[in-house]
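Observations on the three-dimensional arrangement
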4 protein chains.
Amino acid sequence: MSYEVKSLNEECGVFGIWGHPDAARVTYFGLHSLQHRGQEGAGIVSNHEGKLNGYRGLGLLSEVFKDDRSLTALNGESAIGHVRYATAGNGSVDNIQPFLFKFYDSSCGLAHNGNLTNAKSLRKELEKDGAIFHSNSDTEILMHLIRRSKKETFIEQLKEGLRTVKGGFAYLLMTETAMIAALDPNAFRPLSIGQMKNGAYVIASETCALEVIGASFIRDVGPGEVIIIDDNGYKVETYTDDTQYSICSMEYIYFARPDSNIAGVNVHTARKNMGKRLAIEAPVEADMVVGVPNSSLSAASGYAEASGIPYEMGLVKNQYIARTFIQPTQELREQGVRMKLSAVRGVVEGKRVVMVDDSIVRGTTSRRIVQLLKDAGAKEVHVRIASPPLKFPCFYGIDIQTRKELIAANHSVSEIEQLITADSLSFLSEQGLIDAIGLNYDAPYSGLCMAYFNGDYPTPLYDYETTYRKSLKDKISFV
Amino acid sequence: MSYEVKSLNEECGVFGIWGHPDAARVTYFGLHSLQHRGQEGAGIVSNHEGKLNGYRGLGLLSEVFKDDRSLTALNGESAIGHVRYATAGNGSVDNIQPFLFKFYDSSCGLAHNGNLTNAKSLRKELEKDGAIFHSNSDTEILMHLIRRSKKETFIEQLKEGLRTVKGGFAYLLMTETAMIAALDPNAFRPLSIGQMKNGAYVIASETCALEVIGASFIRDVGPGEVIIIDDNGYKVETYTDDTQYSICSMEYIYFARPDSNIAGVNVHTARKNMGKRLAIEAPVEADMVVGVPNSSLSAASGYAEASGIPYEMGLVKNQYIARTFIQPTQELREQGVRMKLSAVRGVVEGKRVVMVDDSIVRGTTSRRIVQLLKDAGAKEVHVRIASPPLKFPCFYGIDIQTRKELIAANHSVSEIEQLITADSLSFLSEQGLIDAIGLNYDAPYSGLCMAYFNGDYPTPLYDYETTYRKSLKDKISFV
Amino acid sequence: MSYEVKSLNEECGVFGIWGHPDAARVTYFGLHSLQHRGQEGAGIVSNHEGKLNGYRGLGLLSEVFKDDRSLTALNGESAIGHVRYATAGNGSVDNIQPFLFKFYDSSCGLAHNGNLTNAKSLRKELEKDGAIFHSNSDTEILMHLIRRSKKETFIEQLKEGLRTVKGGFAYLLMTETAMIAALDPNAFRPLSIGQMKNGAYVIASETCALEVIGASFIRDVGPGEVIIIDDNGYKVETYTDDTQYSICSMEYIYFARPDSNIAGVNVHTARKNMGKRLAIEAPVEADMVVGVPNSSLSAASGYAEASGIPYEMGLVKNQYIARTFIQPTQELREQGVRMKLSAVRGVVEGKRVVMVDDSIVRGTTSRRIVQLLKDAGAKEVHVRIASPPLKFPCFYGIDIQTRKELIAANHSVSEIEQLITADSLSFLSEQGLIDAIGLNYDAPYSGLCMAYFNGDYPTPLYDYETTYRKSLKDKISFV
Amino acid sequence: MSYEVKSLNEECGVFGIWGHPDAARVTYFGLHSLQHRGQEGAGIVSNHEGKLNGYRGLGLLSEVFKDDRSLTALNGESAIGHVRYATAGNGSVDNIQPFLFKFYDSSCGLAHNGNLTNAKSLRKELEKDGAIFHSNSDTEILMHLIRRSKKETFIEQLKEGLRTVKGGFAYLLMTETAMIAALDPNAFRPLSIGQMKNGAYVIASETCALEVIGASFIRDVGPGEVIIIDDNGYKVETYTDDTQYSICSMEYIYFARPDSNIAGVNVHTARKNMGKRLAIEAPVEADMVVGVPNSSLSAASGYAEASGIPYEMGLVKNQYIARTFIQPTQELREQGVRMKLSAVRGVVEGKRVVMVDDSIVRGTTSRRIVQLLKDAGAKEVHVRIASPPLKFPCFYGIDIQTRKELIAANHSVSEIEQLITADSLSFLSEQGLIDAIGLNYDAPYSGLCMAYFNGDYPTPLYDYETTYRKSLKDKISFV
């Protein structure tokens with residue numbers, strides 16, 4: 001329906017609260033601040049004294065919960081919620097979370113952010129044993145594992161399940177008596193715990209959701225941890241000791257909101273630092289620095305500050321949704337593109353512009369923006385990317401599953417420079433990125449996952465192994 | 001439906017094109033870039049070889065033209081369009097423009113941006129003489145004047161009408177054989193002419209609409225001018241010689257898009273200059289400059305550049321629409337507020353912040369943002385407003401018609417400082433504003449209208465005279 | 001969107017009430033029982049102590065007033081409402097009634113059922129004099145005449161207007177202090193007065209609306225009458241003495257609900273009598289009588305009773321709306337037709353069927369139904385039409401404005417018999433129809449309008465004279 | 001949302017086709033003719049060369065398939081579809097059928113009409129063994145049984161499942177290579193096979209669906225039968241020999257469309273015969289016979305024919321949907337009732353009326369209709385019910401699961417007569433009903449299920465046994 005400025009997609013966002021009289025409404029507020037993590041669908045499961053109710057639908061949160069009645073119906077003191085990102089094709093409400101399971105002996109809500117690497121084989125195994133799945137999502141698998149476990153308690157059954165699934169995952173469960181969160185052994189995906197003034201505990205994919213509801217930050221969930229929250233407070237347990245930090249670096253670069261902190265590092269600050277480092281690594285003589293709105297504004301201001309070149313608003317994003325109909329002519333299509341992003345002639349005309357962007361995926365967007373700037377009279381356009389070249393797919397929760405989509409997988413920097421018609425092009429170095437973020441975990445890359453840049457995956461790839469091997473031979477043709 | 005960051009409203013935007021095979025689609029693109037000027041409703045009237053068709057509806061452009069069919073039905077080589085701003089109460093489709101009049105002998109489309117100061121008395125006079133009005137808007141009046149004129153040609157009838165109506169207006173008409181634009185004798189409202197590569201002439205409220213459709217700028221429409229565009233090209237005529245430039249300064253400060261130029265001055269650049277001048281007029285020792293998104297980012301970056309204090313993203317605006325349901329408790333209401341705008345704790349905590357905003361209307365929003373920043377740990381919040389205090393109503397097309405809404409009308413700067421709980425507060429001076437914009441017309445205030453700041457109205461007020469006199473005695477109580 | 005069983009359309013229905021605490025809701029109930037008179041749009045104007053409010057929209061009543069809020073907003077003790085029928089092309093909300101006019105000195109609501117024969121010339125005259133019309137409908141004309149009248153009182157201005165307009169009309173007006181109804185000098189269109197138990201007076205197009213709201217019938221409005229209802233009760237005045245009853249016979253045959261009485265004659269009973277008379281005029285040897293649902297069931301049962309042939313349900317109408325998409329093949333199109341109407345194989349197989357229908361317009365529907373019955377195994381299908389052949393257009397409020405649409409205008413009965421593939425075909429005679437209805441006004445045809453059958457129009461045709469003369473030469477080709 | 005004339009609800013309708021280029025569209029037509037069997041939701045699963053696609057949604061068929069695209073997407077040569085009836089509370093799309101199961105090794109669509117009597121215990125057993133259910137419906141159970149079966153072929157697995165489930169059921173399955181239908185051992189629910197001219201085989205709940213799509217009837221599906229349709233034609237197998245005909249008599253009385261045949265008996269004819277027999281069993285001196293529209297018109301015409309009393313249209317049903325808002329006063333509520341059904345004063349005034357209805361459930365509707373007739377002036381109202389008194393719940397697919405809803409369960413005929421304020425009341429006898437339908441299977445009641453009348457259930461009640469025993473002690477209080 002609309003021209004996407006960026007074709008990277010996050011897998012989802014989760015939010016939960018235990019112990020608030022308006023749990024579903026607070027969850028609505030929390031999810032709203034996580035909407036950037038998923039726009040395909042949204043849902044909430046509430047818990048009123050052990051009785052679970054759910055509501056979910058396709059579209060933005062504000063479309064799913066169009067009137068107050070749907071929220072009012074979700075009464076209860078606790079709730080979990082989920083926003084899901086858009087993929088083509090499987091846009092069925094069956095896949096919208098949280099799932100609400102009603103058994104003869106109990107009920108359970110389940111939400112998930114991430115991607116399992118052994119989902120396909122686990123599913124096949126379970127189906128051979130009579131299991132029936134009702135969605136395409138990986139999420140359901142965990143519940144089948146729990147229900148088939150011979151362990152005695154729910155927590156033990158859950159831990160057994162968590163040891164069986166592989167990949168990147170942040171689970172949030174609502175049972176009749178507790179809210180439970182669990183993170184993968186690498187902490188690929190972010191997940192934090194907070195507390196409201198009334199004592200209610202909160203779990204959220206990003207800390208911006210804590211701020212929005214006025215909760216204070218307690219701690220991040222660590223790799224291999226299970227957090228159990230009930231009327232007695234919160235308890236931290238682990239399901240495995242075989243852990244190692246590999247926090248998704250793309251969360252810092254592009255996905256997370258600038259007002260979130262991940263592992264104690266503010267995202268805006270990290271981005272500004274990337275821009276500063278980039279100014280040192282790849283200086284250029286120019287009249288102004290321009291950021292691609294909105295995700296690159298922090299990096300651009302960092303570049304400007306470190307380089308001493310003034311920061312200007314050379315690109316303007318239209319805040320209103322553009323419906324791009326099928327356009328009969330190429331000329332109209334080009335105009336459709338400009339509905340989303342405009343270059344400011346009055347600013348860039350006759351000027352040498354440093355255009356700062358956070359990353360390059362296919363390169364088509366970069367080329368279009370360079371063109372917009374030149375059409376508006378920019379004399380030179382120097383593209384500076386505040387992250388290293390994206391060359392490898394991700395299997396832990398970001399929607400790049402083939403190298404075909406990645407221009408840097410098959411082209412050198414100077415080839416890309418030409419393809420996007422830039423006067424010069426530079427990327428941030430890997431070490432520059434690591435330093436700019438500034439984690440210091442005792443783990444490779446200071447605790448970051450850098451796999452999309454260098455192919456160094458921190459875990460086995462299981463079901464994706466073959467796909468990945470094949471993808472190394474993919475050639476992309478740049479259009 | 002939602003918490004408004006700013007309660008100032010523009011009266012509308014107009015766009016027209018003559019001589020393009022996809023006139024209605026191009027008009028759609030143009031209007032989309034003017035959507036910030038009005039969100040209540042939108043419409044397009046197209047002209048196919050003298051046959052006029054129209055479509056209009058309530059809501060955003062993308063809601064009114066939900067599918068391609070409505071645009072396809074508007075066939076023709078010429079079209080005019082309109083976006084209308086939202087006011088409470090009269091949200092009827094009857095008021096959505098362009099109006100399309102079908103007479104036994106001809107048809108005519110009519111769109112309007114502005115506000116007439118003698119509408120009420122003209123309407124009463126016309127009704128006494130048997131006229132029937134079908135909308136609440138002033139716009140219809142011009143057509144009644146035209147139809148009742150004894151002049152011989154349509155252009156003469158129109159000019160007579162234009163001499164009769166008073167106030168701020170930018171009219172756009174589509175007759176069967178021409179597209180006609182007309183501007184008030186003070187050029188209160190902006191209006192520009194452009195041309196596409198295929199030769200089609202374009203009229204638009206702001207030049208950003210020209211950029212979006214790839215048209216080049218020809219000239220601004222001047223005060224008292226009538227522009228007649230037909231298959232022979234464009235012609236400039238005048239309906240009065242009694243003209244004087246009084247361009248609305250709020251267009252530069254708040255309304256217009258940063259990528260537009262008005263009277264040759266780029267709006268972003270003007271705003272940045274306001275910020276720079278403000279840094280000189282009202283310096284303060286601080287750790288960072290933070291702009292209120294999105295309208296104050298230019299001024300904030302100017303302040304940062306001139307003061308040498310780093311510019312940081314201390315406030316984040318959620319790009320997704322927040323539906324704020326009726327909230328049962330004050331606590332939930334407060335959270336609802338944060339859904340639109342968040343302070344970035346990781347950036348502002350423990351810091352002295354200069355918060356730059358473009359203007360203060362009621363003051364309630366400023367107080368809330370100061371509070372957001374303090375809640376997120378800001379040590380000091382120094383508010384700097386990049387325009388002079390708003391003290392007087394506007395009768396030329398901006399929706400401030402009573403002084404009751406204006407905190408500065410009844411409070412001194414130091415009182416406002418206290419009311420919004422700022423550590424310090426300063427406004428830009430009137431001369432600072434005039435210099436920052438930098439017009440140099442031979443007219444008071446170099447050709448700007450400064451009436452909202454100093455009550456110096458460039459024209460008689462007609463029907464509003466009494467209201468205005470009364471309003472001078474209004475007291476507002478700050479809540 | 002859907003296969004229409006009958007292509008005759010009524011012009012509208014009106015309903016009004018004066019003096020009920022829930023006037024708008026009662027009007028909703030009343031209009032719902034008149035929905036068969038118009039499905040394109042609906043509206044209500046209410047009057048609360050002199051303050052008029054209106055709401056109108058496209059679609060069925062239940063779609064326009066989707067939630068209770070729209071009705072609740074229409075507060076007041078009095079209200080008038082309107083349902084409008086669907087015509088192609090001018091489906092704009094501008095044409096939906098009641099119109100609500102707001103003048104500087106007063107307000108007025110106006111609704112209309114009927115068709116003016118001098119609308120075009122009146123409109124042209126008024127426009128030449130500076131009047132501006134905002135809808136395509138004739139209705140607005142009356143208000144222009146009132147506002148331009150030099151008479152002293154509103155009632156005198158109205159009467160002058162009523163003497164100026166020509167044709168078939170039933171007007172309903174809501175002023176700030178009274179509800180006023182007026183009927184044309186021939187009483188073409190039905191209009192009745194009733195009273196609720198609480199004393200509230202009611203005006204409605206059909207008496208079924210009185211029954212639905214529990215009102216008792218007082219009297220029909222007579223030709224040339226103006227009914228003025230206010231807080232002092234109701235008053236009958238006249239605006240002309242030049243009157244003559246010419247009640248639309250198609251109201252009895254097809255349009256009106258069977259539970260309505262017109263001029264004291266029950267519609268179901270009239271239809272049953274038509275069927276009885278038809279059985280006498282056109283007997284046939286057969287096994288069963290089958291009516292075309294729903295409008296022909298009364299006539300069919302009359303035919304069965306008079307002939308002694310058993311009445312059977314040989315045709316079933318699906319009560320659910322059928323959406324007939326564009327069908328790729330002829331086979332699928334045929335199936336689409338059957339979605340609306342099915343022949344009952346278990347009933348008609350091997351049988352000789354008398355198929356009774358109320359009228360034949362184009363003949364295509366009749367042919368299809370004959371075919372349905374034969375496909376289901378009927379041995380013979382004898383078509384009996386309970387009215388005379390339709391040969392001439394109507395200009396008083398029924399949507400047949402050209403003879404091209406009428407199969408009987410250009411084909412003899414035996415030709416039609418062949419065209420619709422019936423084994424035999426007979427129509428009711430004109431005298432049979434008059435006797436079956438049984439009016440006894442001292443006027444031609446006992447007070448009925450029979451013009452569509454015999455071209456004997458009871459008034460001059462004014463603007464339609466030329467069209468009509470031309471139409472007499474029209475040839476239709478039956479498809 | 002609306003006042004229901006009858007509170008009996010059918011459980012669903014199914015339709016399937018194998019071997020037609022537009023399978024989904026034909027299924028749409030078929031389902032449309034079965035819409036009376038369920039209005040809560042609808043869905044279609046299509047099969048294109050072994051690839052299954054599905055679409056389902058809440059609401060009427062025309063709402064679910066609002067545009068042609070949803071049907072076009074369901075490409076393939078075969079399809080099954082389902083319409084589901086409305087119950088309060090569980091209106092989730094999760095329960096809308098056909099279910100589409102996608103396994104690692106195959107896909108399967110499943111639709112169901114009926115009710116299982118051992119669903120609860122089967123579900124509990126399966127869940128204990130690790131099964132996860134995703135809907136509230138019984139339907140899913142069969143698929144779990146199939147997937148857990150140790151039998152070798154799909155057909156053998158299915159047959160084992162069919163022997164495990166108990167109650168009334170008509171299943172329709174779409175595998176990648178075949179369409180399969182199965183009926184319960186008592187043939188409670190109707191199911192027929194037909195064939196289109198192009199050779200395509202069709203399965204439908206009622207024969208009216210065959211007529212609509214132009215298919216010829218082949219045979220009814222018998223008790224205990226499995227029908228397998230694939231590219232080689234159709235094959236009849238059985239999964240049990242322990243069968244006995246107990247066809248639901250309420251299908252003849254109320255549910256089925258009059259143009260359907262069940263077990264070779266036309267439904268309209270059966271109803272007419274019930275009316276004739278009723279006239280003999282319960283004669284009364286009166287002026288007219290009036291049927292309650294629409295379901296009782298056949299019986300009423302039978303009563304009229306046998307008694308010689310004229311059949312009149314004394315009650316009229318409004319064909320337009322009535323939205324009954326929450327009405328502030330009792331007076332308005334009463335008017336709301338009349339929006340659906342009106343008595344015809346012009347017909348019944350001063351007359352002795354025989355009001356024929358098909359059945360009485362709670363009695364409230366009967367009382368209201370008697371009142372409507374008396375309000376319209378009927379001198380006497382003699383109620384004649386064309387079926388025996390409903391005294392017992394149904395567990396095989398009709399929505400009467402408690403005796404509390406049944407007035408005849410706790411009141412004698414003369415008590416009911418008084419409660420509904422009738423001048424006299426009679427029911428058809430059980431033998432009268434059996435004779436009127438005229439089946440002659442070698443089974444109790446000639447092959448009909450008469451359990452709702454006499455409590456003689458043809459099978460054990462399994463999970464319902466306890467509920468049923470308790471319900472025998474229920475007392476209803478008539479309101």
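Here, residues in each chain are numbered from 1, in the same order as that chain's written sequence. Ligands are numbered from 1 and chains lettered from A, in the order in which they are written. Residues qualify for local features only when their pLDDT is at least 70, as the model is predicted, and side-chain atom pairs are given and counted only at 80 or more; totals for whole chains, interfaces and linings, by contrast, use all residues. Excluding hydrogens and water, the side-chain values take into account all heavy atoms of the structure.

Some details on unusual backbone geometry
All names here are of chain B. In this model, Q97 is joined to P98 through a cis peptide bond whose omega is 0 degrees. Counting through the fold element by element, P98 comes out in the loop between strand 4 (78-84) and strand 5 (99-102). Backbone geometry places Y445, a non-glycine residue, at a positive phi of 55 degrees. A run of H or I in DSSP becomes a helix once it reaches four residues, and a run of E becomes a strand once it reaches two; helices and strands are each numbered from the N terminus. Mapping Y445 onto the fold places it in the loop between helix 15 (430-437) and strand 23 (448-449).

Points about the domain arrangement of chain A
Residue and element names in this part refer to chain A. Delimitation of the domains relies on an automatic or database domain assignment. Per the domain assignment, the segments of chain A are domain 1 (12-243) and domain 2 (261-438). The C-alpha centroid of domain 2 is placed 34 Å from the C-alpha centroid of domain 1. In total, about 820 Å² of surface goes out of reach between domain 1 and domain 2, with carbon and sulfur atoms giving 53% of it. Any carboxyl oxygen of Asp or Glu that lies within 4 Å of a side-chain nitrogen of Lys or Arg is treated as forming a salt bridge with it. Run the count over domain 1 and domain 2 and you get 0 salt bridges. Under this definition, polar contacts are N or O atom pairs within 3.5 Å; protein pairs additionally need one hydrogen-donor-capable and one acceptor-capable atom, and for neighbouring residues in sequence, both atoms have to be side-chain atoms. Inspection of the region where domain 1 meets domain 2 yields 4 residue pairs in polar contact (both at pLDDT 80 or more). Where the side of domain 1 that touches domain 2 is concerned, the elements lending two or more residues are strand 6 (107-116) and strand 7 (167-174). Split by residue class, the side of domain 1 that touches domain 2 holds 3 nonpolar, 7 polar and 2 charged. Take the accessible area each of two parts loses on contact, using a 1.4 Å probe, and add the two losses: that sum is the buried area. Polar here means any residue outside two lists: the nonpolar Ala, Val, Leu, Ile, Met, Phe, Trp, Tyr, Cys and Pro, and the charged Asp, Glu, Lys and Arg; Gly therefore counts as polar.

Quick notes on the arrangement of the chains
In what follows, a contact means two residues having at least one pair of non-hydrogen atoms within 4.5 Å. Looking at chain A next to chain C, you find no contact at all, with the nearest C-alpha pair sitting 13 Å apart. Structurally, chain B and chain D remain out of contact, their C-alpha atoms never closer than 13 Å.

A word on the relation of the copies chain A and chain B
The superposition of copies rests on a least-squares fit of C-alpha positions from residues with pLDDT of 70 or more in both. Rotating chain A by 180 degrees about the axis while translating it 0.0 Å along that axis superimposes it on chain B, leaving an RMSD of 0.1 Å. The two molecules are tied by a two-fold rotation axis, judged by turn and shift. Closest to the rotation axis within chain A is the C-alpha of Q319 of chain A, separated from it by 3.8 Å. Here 100% of the contact residues of chain A are again contact residues in chain B; the copies associate through an equivalent surface.

Quick word on the UniProt feature "active site" (unreviewed entry) in chain A
UniProt positions are given in the numbering used here, feature names are shortened, and annotations may be inferred rather than shown by experiment. Under the UniProt annotation, the feature "active site" (unreviewed entry) is placed at C12 of chain A. Ignoring any residue separated from it by four or fewer positions in sequence, one finds C12 of chain A in contact with R37, H82, V83, R84, Y85, H112 and N113 of chain A.

Comments concerning the interface of chain A and chain D
Chain A puts 20 residues into the contact, and the matching count from chain D is 20 residues. The contact between chain A and chain D buries some 1,800 Å² in all, and 57% of this surface belongs to carbon and sulfur atoms. Taken together, chain A and chain D are joined by 0 salt bridges. At the boundary of chain A with chain D, the tally comes to 4 residue pairs in polar contact (both at pLDDT 80 or more). Within the residue set of the side of chain A that touches chain D, elements represented by two or more residues are strand 5 (99-102), helix 4 (119-128) and helix 5 (140-148) of chain A. Examining the composition of the side of chain A that touches chain D, we find that 5 residues originate from one element, helix 5 of chain A, more than from any other. Residues belonging to the side of chain A that touches chain D are distributed by class as follows: 7 nonpolar, 3 polar and 10 charged.

Remarks on the pattern of salt bridges
Residue and element names in this part refer to chain A. Evaluation of the coordinates by the stated rule reveals 92 salt bridges over all chains. The partner of R277 in a salt bridge is D435, with the nearest N and O atoms 2.9 Å apart. Note that R277 is positioned in helix 9 (residues 267-281) and D435 in helix 15 (residues 430-437), a separation of 158 residues in sequence. D435 gets classed as partly exposed once you look at its relative accessible area, which sits at 39%. One connected set of salt bridges, linked through shared partners, spans R37, R189, E206 and E251. Only protein chains enter the area calculation, which uses a 1.4 Å probe; residues under 20% of their type maximum are buried, those over 50% are exposed, and those in between are partly exposed.

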